[in-house]
Amino acid sequence: MAQHNLDALDKKILRLIADDARMPFLEVARACNVSGAAIHQRIQKLTNLGVLKGSQFIIDPEKIGYETCAYIGLFLKDPGQFDFVLEELKKIPEVVECHYTTGGFDMFIKIYALNNHHLLNIIHDKLQPLGLSRSETIISFNAAIDRQLPIIDPDCIEE
């Protein structure tokens, strides 16, 4: 993964839109003391570089009935089945993240369920048939911290 060298204007734009993705580009331009066209060009550049992955409305899962958030470590019977399992996990809408990790798990997923009974059904009916030797589930009571990463200058980090 390539790290991109961002100048001060790029970083200021990222800070502003990370705080409020709905901020009009004209307001961003005023805050940065540049033209609206310059902001459009910078946003396009940051998008093309993959620094910005788009903007979206974030739905609060709990507000639409998903009361259970769980993290599940998956142990595959056959680790050679990673690609197959990944494609099957993509078909399960309650799975919102999937990570390849170090440590004991072959894969680590984040899942939302309506309640614990629904979670049990997902594990039993949708995950186990994928060829798991076993799984370990951790239920999250609450996300105490949920934020964007700060835009920092790597040269200012103390070692």
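Residues numbered from 1 in each chain as written. Predicted model: local features only at pLDDT ≥ 70, side-chain atom pairs only at ≥ 80, totals over all residues. Heavy atoms only, no water.

### Re the overall build of the protein chain
Right, so step 1: Check the secondary structure of the protein chain and you find five helices and four strands.
Right, so step 2: Across the protein chain, helices and strands are ordered from the amino to the carboxyl terminus as α-α-α-β-α-β-β-α-β.
Right, so step 3: Compactness check: the protein chain gives a C-alpha radius of gyration of 20 Å against a globular reference of 15 Å for 159 residues, more than 25% above the reference.
Right, so step 4: Structurally, the protein chain occupies a C-alpha span of about 55 × 35 × 30 Å along its principal axes.
Right, so step 5: Sorting the 159 residues of the protein chain into buried and exposed places 28% on the buried side.
Right, so step 6: Accessible surface, the protein chain as shown: approximately 11600 Å² in total, 53% of it carbon and sulfur.
Right, so step 7: Charged side chains of the protein chain number 16 positive and 22 negative; the gap between the two group centres comes to 5 Å. (Helix = DSSP H or I, 4+ residues; strand = E, 2+ residues; numbered from the N terminus. Rg over C-alpha atoms; globule rule 2.2 N^0.38 Å. Buried < 20%, exposed > 50% of the residue type's maximum accessible area, 1.4 Å probe, protein only. Areas by Shrake-Rupley, 256 points an atom, 1.4 Å probe, with all protein chains shown as cover. Lys, Arg positive; Asp, Glu negative; His and termini not counted. Charge placed at Lys NZ, Arg CZ, Asp CG, Glu CD.)

### Description of the environment of C98
Right, so step 1: Following the sequence through the fold, C98 ends up in strand 2 (residues 95–99).
Right, so step 2: C-alpha separation for the pair C98 and N142, spaced 44 residues apart in sequence, amounts to 19 Å.
Right, so step 3: In contact with C98, other than residues within four places in its own chain, are L86, L89, M107, F108 and I109. (Contact = heavy atoms within 4.5 Å.)

### A word on the packing of aromatic side chains
Right, so step 1: Counted by the stated rule, this structure contains four aromatic pairs.
Right, so step 2: An aromatic cluster of at least three residues, connected via ring pairs, comprises Y71, F75, F105 and F108.
Right, so step 3: The residue whose ring lies beneath R134 is F75, and the NZ or CZ to ring-centre distance is 3.9 Å. (Phe/Tyr/Trp six-rings, centres within 6.5 Å; stacked < 30°, edge-to-face > 60°. Lys NZ or Arg CZ within 6 Å of the ring centre and 35° of its normal.)

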